[in-house]
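# Structural overview for review
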Amino acid sequence: MIWQQAFEIQTRGRGTTELTEEVCDMVAASGIRTGLAQLFVHHTSASLMLCENADPDVRRDMETFMQRLVPDGDRDFVHTMEGPDDMPAHVRSILTGSDLGFPVGQNRPVLGTWQGLYLWEHRLHGHRRRLTLTVYGE
Amino acid sequence: MIWQQAFEIQTRGRGTTELTEEVCDMVAASGIRTGLAQLFVHHTSASLMLCENADPDVRRDMETFMQRLVPDGDRDFVHTMEGPDDMPAHVRSILTGSDLGFPVGQNRPVLGTWQGLYLWEHRLHGHRRRLTLTVYGE
Amino acid sequence: MIWQQAFEIQTRGRGTTELTEEVCDMVAASGIRTGLAQLFVHHTSASLMLCENADPDVRRDMETFMQRLVPDGDRDFVHTMEGPDDMPAHVRSILTGSDLGFPVGQNRPVLGTWQGLYLWEHRLHGHRRRLTLTVYGE
């Protein structure tokens, strides 16, 4: 059994949007009890992240780390057409990934107690981001 | 056909634990000849890694690299409740990933000659880590 | 329905090779209309990347970034048997990943407009690289 759904998220600029509840609802709607799910974001300047979901400072520190690792306005970058955050957004997306898989059991995502699913917008301004969730199993 | 199994690994502090043999045994037990497998770790301070399996220095150098990239006790981090290795463990996990997929053929993981599957504990102290292997195919 | 095919790519040394068209052809050949695909590279010194496909400078800047983050000939590395690019190739592969999943719809990969699939050779010299594409769905 395969179940697939496209959906969109409006981001408000650089930062994370939690998707856990939305994804749980979609897995429930799929009717699949045991199997796997895969989340995919159809962009190269936003990514997916499984992150600690209890303390918001973890996501703030991740942002601090990334801004230091891949600074906006890096003079070594040539691809700067859309501004100082253009190429850093691509690098950040590649380092964190566009696809994310997780097991499904008892008709819901089997995540750890402290694991949340997040969309990470890497551009400074908000964008409408397209995602696809596919669930397969029985 | 879907086959899913949860299992646990006791780590002995920061470092890698090879899972290749254990995972091969589970894929064999699944009875699935051709398909895909997905390994998932239910924590945000330990991750999964496909790494060169012949020379242990590769994993030692990976550790060297990570300690330099994400130093413990980083003063820019706010989330330090559980100590100097708390936030670095989250960063390291996100950079290396919680899920890992690989093809299954002839009832075993189809890995390259030099590819081994490793659990990477990022906390300084040992933890009991929960994982799920899902195999699907025919 | 499961469809699996192994294939090889000859690289010409460090750099990227686009796989999008080849992968689209294979997904078409699978006959699977809706589902998921997973690409896997059976090596620890080459990786897979979903990257912006319009401006080649993006991949050039990714290379610039990686060479700065993981410099060849790093004196902290012990695993240097095959030369100054040996260990950096392993680190780069782990940071970018050996497996890549994406949804399949209407019998083709459902990628974003600007998303291309690339094999990233991290060794300085060319190698013959083995990959497996698995498609599952209905």
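Residues numbered from 1 in each chain as written. Chains lettered and ligands numbered in written order. Predicted model: local features only at pLDDT ≥ 70, side-chain atom pairs only at ≥ 80, totals over all residues.

## Quick look at the sheet that holds strand 5 (residues 99-105) of chain B
Residue and element names in this part refer to chain B. This is how the line gets drawn: Strand pairing requires that DSSP identify at least two bridges connecting the strands. Under the scheme used here, helices are H or I runs from DSSP no shorter than 4 residues and strands are E runs no shorter than 2 residues, and both carry numbers assigned from the N terminus.
The 5 strands lie next to each other as 1-8-3-5-6, forming an open sheet whose pairing is antiparallel. Looking along the sheet, the strands with just one partner apiece sit at the ends: strand 1 (2-10) and strand 6 (108-109). Relative to strand 6, strand 5 is paired through 2 bridges, and the arrangement is antiparallel. Counterpart to Gly-105 in the pairing with strand 6 is Arg-108.

## Let's talk about the sheet that holds strand 7 (residues 115-121) of chain B
All names here are of chain B. For the record, the criterion: Inter-axis angles, ranging from 0 to 180 degrees, are taken between N-to-C directions of lines fitted to C-alpha atoms, where helices are fitted over the stretch in contact. We call two residues in contact when the distance between their C-beta atoms, placed using the backbone, is within 7 Å.
An order of 2-7-4 is seen for the 3 strands of this open sheet, with the pairing classed as antiparallel. Every interior strand has two partners, whereas the edge strands, strand 2 (15-18) and strand 4 (46-52), have only one. Adjacent strand axes in the sheet meet at a mean angle of 35 degrees, parallel and antiparallel pairs treated alike. Sheet topology note: the strand 2/strand 7 ladder contains 4 bridges and is antiparallel. Within the sheet, the bridge partner assigned to Thr-16 lies in strand 7 and is Trp-120. Packed onto the sheet, helix 3 (residues 86-96) meets strand 4 and strand 7 and runs at close to 50 degrees relative to strand 4.

## Re the pairing of strand 8 (residues 128-137) of chain C
Residues and elements named next belong to chain C. This is how the line gets drawn: Put plainly, a residue is buried at 20 or more neighbouring C-beta atoms within 10 Å of its own, exposed at 12 or fewer, and partly exposed in between, counting only other residues' C-beta atoms, which are placed from the backbone.
Extensive coverage of strand 8 is indicated by the burial of 8 of its 10 residues. One ladder, built from 9 bridges, connects strand 1 (residues 2-10) with strand 8; its direction is antiparallel. Bridge pairing in strand 8 places Ile-2 opposite Tyr-136. Pairing of strand 3 (residues 35-41) with strand 8, which is carried by 7 bridges, proceeds in the antiparallel orientation. Among the inter-strand pairings, Gln-38 is bridged to a residue of strand 8, identified as Thr-134.

## Concerning the interface of chain A and chain B
To be explicit about the condition: As a working rule, the residues Ala, Val, Leu, Ile, Met, Phe, Trp, Tyr, Cys and Pro are called nonpolar, Asp, Glu, Lys and Arg charged, and the rest polar, with Gly in that last group.
Taken residue by residue, the interface counts 31 residues in chain A and 24 residues in chain B. Secondary-structure elements contributing two or more residues to the side of chain A that touches chain B are strand 3 (35-41), strand 4 (46-52), helix 2 (56-69), helix 3 (86-96), strand 5 (99-105) and strand 8 (128-137) of chain A. No other element matches helix 2 of chain A, which puts 7 residues into the side of chain A that touches chain B. Here the side of chain A that touches chain B is composed, by residue class, of 15 nonpolar, 10 polar and 6 charged.

## A word on the relation of the copies chain B and chain C
We apply this condition: The least-squares superposition of copies is restricted to C-alpha atoms, and to residues with a pLDDT of at least 70 in both copies.
Taken as rigid bodies, chain B and chain C are interconverted by a rotation of 120 degrees and an axial shift of 0.0 Å, the fit giving an RMSD of 0.0 Å. Here the transformation between the copies is reduced to the relation of a three-fold axis. In terms of proximity to the rotation axis, the leading residue of chain B is Leu95(B), whose C-alpha is 3.6 Å off the axis. A low fraction, 13%, of the interface residues of chain B reappear at the interface in chain C, so the copies pair through non-equivalent surfaces.

## A look at the nonpolar core
Stated formally: In these notes, a nonpolar core means any group of buried Ala, Val, Leu, Ile, Met, Phe, Trp, Tyr and Cys residues linked to one another through C-beta atoms within 7 Å.
Within the largest apolar cluster, 112 residues are counted, with the highest numbers of intra-cluster contacts made by Ala37(A), Leu39(A), Ala37(B), Leu39(B), Ala37(C) and Leu39(C). With sequence-adjacent residues up to four places away left out, Ala37(B) is seen in contact with Val27(B), Gly101(B), Phe102(B), Val104(B), Pro109(B), Leu133(B), Thr134(B) and Val135(B).

## Side note on the environment of Thr34(C)
With respect to the helices and strands, Thr34(C) occurs in the loop between helix 1 (20-30) and strand 3. Separated by 75 residues in the primary sequence, Thr34(C) and Pro109(C) place their C-alpha atoms 9.4 Å from one another.

## Here we look at the relation of the copies chain A and chain B
Overlay of chain A on chain B (RMSD 0.0 Å): rotation 120 degrees, translation along the axis 0.0 Å. Little of the interface of chain A is mirrored in chain B: 13% of its interface residues are interface residues there too.

## A closer look at unusual backbone geometry
Where the residue is not glycine, phi is negative for most of them; where a peptide bond is considered, it is trans in most cases. Despite not being glycine, Asn107(B) shows a phi value in the positive range, around 65 degrees. Among the structural elements, Asn107(B) can be located in the loop between strand 5 and strand 6.

## A word on the interface of chain B and chain C
Facing the 31 residues of chain B at the interface are 24 residues of chain C. Counting residues per element, the ones that place at least two in the side of chain B that touches chain C are strand 3 (35-41), strand 4, helix 2 (56-69), helix 3, strand 5 and strand 8 (128-137) of chain B. Residues belonging to the side of chain B that touches chain C are distributed by class as follows: 15 nonpolar, 10 polar and 6 charged.

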